[in-house]
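Coordinates in review
The chain contents come next:
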Amino acid sequence: VGGILARLTAAMRVGGGGSTAVADVGTNWAILISGGINQQNNDYAFWNDIGETYHILVNRYGYDPANVFVLFADGYPADPWNSISNCTGGVMGVCSNWTGPYAYPRNIVDYSATSAHLQAVCQYIADRDSPMDTLYVYMTDHGSGSSGYCMWGGEMITPLTFGSYVNLINNI
């Protein structure tokens, strides 16, 4: 995964002079993940992290929204049914981009954050990738120490399993 991120970083630097455009090196793929465990543990900050990352990839670096896969909680944007804050002030004031011209799109979530959906997304990309493509993987969530990452519904995914899914994408 480190090599993938290094190539992505290098691709973002192409053009010099502080350019933020991604070089035309193939398809730019992204997988953004936040499991949140369950409603009681899923903080709105996770949604803000996912939304901000999505916004930056699409609007600043020119990623095609069709190539940015968002796996969030139960498969729906943050709301009182899957998160611990109703965003009336937010947790530590983090609920900022909900209205106005810079609001995150509410329809960016593709799937719930489960191991099966992560594997399916990785397989989808693997079936379409090429050596010139880049992959950006972002995860925000509760961790559980060395035992893994927390997905939705209390599911855990180990680093080994996570790596095996990402390694399905072998051309990048």
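Let me begin by describing the structure that accompanies this report. This structure is a prediction, so every number in the text was calculated from the model and none was measured.

Before going further, it helps to spend a moment on helix α3 (residues 115-126). Because an α-helix completes one turn every 3.6 residues, residues spaced three or four positions apart along the sequence face the same direction. With 12 residues, α3 ought to run about 16 Å at 1.5 Å a step, and its terminal C-alpha atoms sit 16 Å apart, in line with that. Taken as a whole, α3 has its buried residues at Ser115, Leu118, Val121, Cys122, Ile125 and Ala126. Down the axis, α3 shows its buried residues gathered within 140° of arc, on one side only. As for α3, its buried residues are in contact with β1 (28-34), β2 (68-72), β3 (134-139), β5 (156-157) and α4 (159-166).

Running from N to C, α3 and α4 point in directions that differ by 30°, and their axes come no closer than 8 Å. Taken together, the axes of α3 and α4 are roughly parallel relative to one another. Residues Ser115, Leu118, Gln119 and Cys122 of α3 pack against Phe162, Tyr165 and Val166 of α4.

Tracing the backbone shows Tyr136 in strand β3. Under the relative-accessibility criterion, Tyr136 is labelled partly exposed at 22%. Between the C-alpha atom of Tyr136 and that of Val68, which follows or precedes it by 68 residues, the distance is 9.0 Å.

Definitions and cut-offs
- Residues numbered from 1 in each chain as written.
- Predicted model: local features only at pLDDT ≥ 70, side-chain atom pairs only at ≥ 80, totals over all residues.
- Heavy atoms only, no water.
- Helix = DSSP H or I, 4+ residues; strand = E, 2+ residues; numbered from the N terminus.
- Expected span 1.5 Å × (residues − 1).
- Buried < 20%, exposed > 50% of the residue type's maximum accessible area, 1.4 Å probe, protein only.
- Arc of directions from axis to C-beta.
- Contact = heavy atoms within 4.5 Å.
- Axes fitted to C-alpha atoms, helices over the stretch in contact; angles between N-to-C directions.
- Parallel < 35°, antiparallel > 145°, perpendicular 65-115°, else oblique.

Worth remembering: the numbers are spatial, not functional.
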